[in-house]
Amino acid sequence: MSSSNLLSITTFIYGAAAFFYIAHLVFKKPLLGRLGTWTALFGVAGNVAGIVMRWVESYRLGIGHAPLSNMYESLVFFSGTIIIIYLVVERQYENRIMGAFATPIAFLAMAYASMSPNINDRIQPLVPALKSNWLIAHVITCFLGYAAFAIAFGMSLMYLFRQKDVEGKSSLIARFPKSQVLDELNHQMVMFGFLFLSVGIITGAVWANSAWGSYWSWDPKETWSLITWFIYATLLHARMVRGWYGKRIAYLSIIGFMAVLFTYFGVNLLPGLHSYGSV
Amino acid sequence: MSVKLTVVLLLSIAGTSILGTIVPQNEDPAAYFRAYGEFVYRLFDVLGIFDMYHSWWFQFLLLLLTINIVVCSIDRISATWKIVFVKNPSFNLSRFRNLSQKETFAGNHPPKALGKIYQPIVSKYFGYTRVEQTDQGLCIFAEKWRWTRLGVYAVHLSVILLLLGGLMGSLFGFEGFVNIPEGEKVDSIRIRNTGKIHYLGFEIKCEDFNISFYNNGAPKEYRSRLTIIEKDTPVYQKDIIVNDPLRYKGVNFFQSSYGKMPSNSTFKNETPATDPSGEITLNFTNRKSGASFRIKTVLGKPVDLSEGFGKFVIVEYIKAAEFRGQNIGEAYKGILTPTDGNPLDVLLPLHFPNFDRMRKGALVISVADQEAEAFNFGERSEQRYYTGLQVTKDPGVLVVYAGFIMMIIGCYITFFMSHQRVCIEIIKGKAKSRVIVTGTANKNKMGMQQRVKKLSEKLANL
């Protein structure tokens, strides 16, 4: 079995985990929650095994490199990171309801990687610019940050749902963690993500300086990562200095995650002036 | 108030930055003109949108942000300083007594004996401890990580360092490029954007350039062997590849591009062969009459052609142009707009003056004053390459890197470490003492509650 097959299977396992967590939320059966956790763990094992296999396969092809070099590989890593961070949070807070808002993000990322016709899952050799040890540090730190922001986004959504139904009319929402816990968790995840996003941007800058002699050149990707950084910096200042909490923090966190998504996917869609193409 | 302004500034810098990602930066004026039309072009030009990250208003926003960070930090640091640098930290017992979360258990000894047992344990976790008598017995105060209150100032200082380093780089550094044919040497480079010549003070020679490919045809490695020559003596040699530059006397040479040399023509030394910002002499030949005329122009400046041929403008300089998969070296790309017809793309390779005849247009265009070459691909005896180097000097890099390290450490301290204080009050009872454990932290109060609980359990089980 090739790593691509294994990772495709992992996609379905993540889908099953997301299904169990959502069923747990809806049907209130603890067994479903436990099933969700075990399925997610199983999926992570497949995810990690897939990444390791891909790494080995690249060496067999004679073009050995860490599997962190293109959209497919980064999405696979992103999904695994979301699930791992989520499982740690689940264990610490002893609450499985949050799984219904975290695991679907990982499933969607993985499904997009496996099924989108725009994404190539072949192992490709590294072009000269990517041949650097900074690649690994840069990609790992960026995606740890993105994964934390993804979970913060899930927590913010839960918070907003909860706030819409303060009287607890909906029995579904009544099972969410307390607003205070969601708010705090959102903040914790944003701090974690912000630290790693900072390290990610910094390792990228150091890498750029060793490859092209300029640590910052305002290209769209760099600029968008900075915009994302500014949004989360605003959130942290609003919280720490001006004492914002709750709804406003949740909205900022959601806006921040939209910026993350744009940095990740949207930058490629920006128009260029080179539309007249080649002669 | 100032923090509010900082947030407004952060968001306006973020917001305006988007513009520069939608409008491509530093392109040819002609390309902008065609893409946006006259009005938008002029508006954007005045506002500096085409190089917005270096425009006066964007730099002004950055300056305002810097001033704000400095002012806010100074404003707050004096208060923090007084808290952090005290010899005997003060503890307010009534504050701890008023805390809502309390962990209480019974101790089997009188307060004094318990205090002796507890103090070393508490000290192990918190470092600083102090025992004080109270009206009902005694209490142990403990605290740690008081200095972490300064973490946020480290982050702010790191941002200042980044901006300072950036400023140093733009004032005292340069960014340029140079093409060196194999076996030749140069003593100067050309500055990017302005096109000025910069003398290095030493010579650099390209001994050899090699490119290797993967089986699928993708490039695997570009490698240039470079030698630094001081007063005709080689002093240093290194093979550079992408991601592994040569550094000499604060100047860095990066592998950035390459190209094939036209055979039997020598490269003009000293400077890159073509000056993208300089004058270009164009030769126009009427195919029917054979009459020709010359016009001088620059990149992006349209020329009016006589005899109703319309307009011609050069829109782009290409270092290594391709024609049917062949590298034909340096070329200009132009657009010919006949008076009664659609605009045409025209490629003008510098080394092949007859190239445009293939277009079979009424007017044959070529770049004058270039060493001509017979138009015969694939019959060259041996292929020579030139290496394209990015050349930079940035004395601000160390300051920026110091800022990077400080930012990472500062963020870690600010987010994940807090000034923690606990109070273990031991109240004299008839048979047993009552022990009350409370604690506060300046950040992550939920986490602190957990720690207080754990400490209390530890002490209760002694």
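These numbers were taken from a predicted model, which means no experiment stands behind them. Per chain, residues are indexed from 1 in the order of the written sequence. Chain letters start at A and ligand numbers start at 1, both assigned in the order the entries are written. Only residues with pLDDT of at least 70 get local features here, since the model is predicted, and only at 80 or more are side-chain atom pairs given and counted; chain-wide, interface and lining totals rely on the full set of residues. Where side-chain values are given, they derive from all heavy atoms of the structure, hydrogens and water being excluded.

1. Some points on the domain arrangement of chain A
Residues and elements named next belong to chain A. The domain limits used here are those given by an automatic or database domain assignment. On domain assignment, one finds that chain A holds domain 1 (1-126) and domain 2 (131-279). Every residue pair with non-hydrogen atoms within 4.5 Å of one another is taken to be in contact. Listed per partner, the contact involves 24 residues of domain 1 and 31 residues of domain 2. Using a 1.4 Å probe, buried area is obtained as the accessible area two parts lose upon being combined, added over both of them. Here domain 1 and domain 2 share an interface that buries about 2600 Å² over both sides, 84% of which is from carbon and sulfur atoms. Pairing of N or O atoms within 3.5 Å defines a polar contact, subject to two protein rules: one partner must be a possible hydrogen donor and the other a possible acceptor, and residues neighboring in sequence count only if both atoms are side-chain atoms. Our count for the contact surface shared by domain 1 and domain 2 stands at four residue pairs in polar contact (both at pLDDT 80 or more). Residues are grouped as follows: Ala, Val, Leu, Ile, Met, Phe, Trp, Tyr, Cys and Pro are nonpolar; Asp, Glu, Lys and Arg are charged; every other residue, Gly included, is polar. Tallied by class, residues from the side of domain 1 that touches domain 2 come to 19 nonpolar, four polar and one charged.

2. Some details on the environment of E103 of chain B
All names here are of chain B. Elements are defined by DSSP. Helices are runs of H or I of four residues or more, strands are runs of E of two residues or more, and each kind is numbered from the N terminus. Within the element layout of this structure, E103 appears in strand 1 (residues 103-107). Only protein chains enter the calculation, and the probe is 1.4 Å; a residue is then buried if its accessible area is under 20% of its type maximum, exposed if over 50%, and partly exposed in between. Using a relative accessible area of 17% as the deciding quantity, one classes E103 as buried. Placed 347 residues apart in sequence, E103 and Q450 show a C-alpha to C-alpha distance of 11 Å. Looking at E103, its side chain comes within polar contact range of the side chain of Q101, at 3.1 Å.

3. Brief notes about the pattern of salt bridges
Any carboxyl oxygen of Asp or Glu within 4 Å of a side-chain nitrogen of Lys or Arg constitutes a salt bridge here. One pass over the full model with this rule turns up 18 salt bridges over all chains. Between D183 of chain A and R239 of chain A there is a salt bridge, with the nearest N and O atoms lying 3.0 Å from each other. Placement of the pair is D183 of chain A in helix 7 (residues 179-212) and R239 of chain A in helix 8 (residues 220-240), with a sequence separation of 56 residues. Side by side, D183 of chain A and R239 of chain A carry an identical accessibility label, which is buried. K238 of chain B is the partner of D244 of chain B in a salt bridge, and the nearest nitrogen-oxygen pair spans 3.0 Å. D244 of chain B sits in the partly exposed class, given a relative accessible area of 32%. Through salt bridges with shared partners, a single network forms among E221, R223, R225 and D239 of chain B.

4. Topic: the interface of chain B and chain A
Counting from both sides, the interface comprises 59 residues of chain B and, opposite them, 53 residues of chain A. Carbon and sulfur atoms make up 71% of the surface buried where chain B meets chain A, a total of about 4900 Å² over both sides. It is T21, N243 and F415 of chain B in chain B that bury the most area against chain A; as a group they hold 14% of the surface buried on that side. If you look at where chain B meets chain A, you find zero salt bridges. Summed over the shared surface of chain B and chain A, the result is nine residue pairs in polar contact (both at pLDDT 80 or more). For the side of chain B that touches chain A, the residue count by class is 34 nonpolar, twelve polar and 13 charged.

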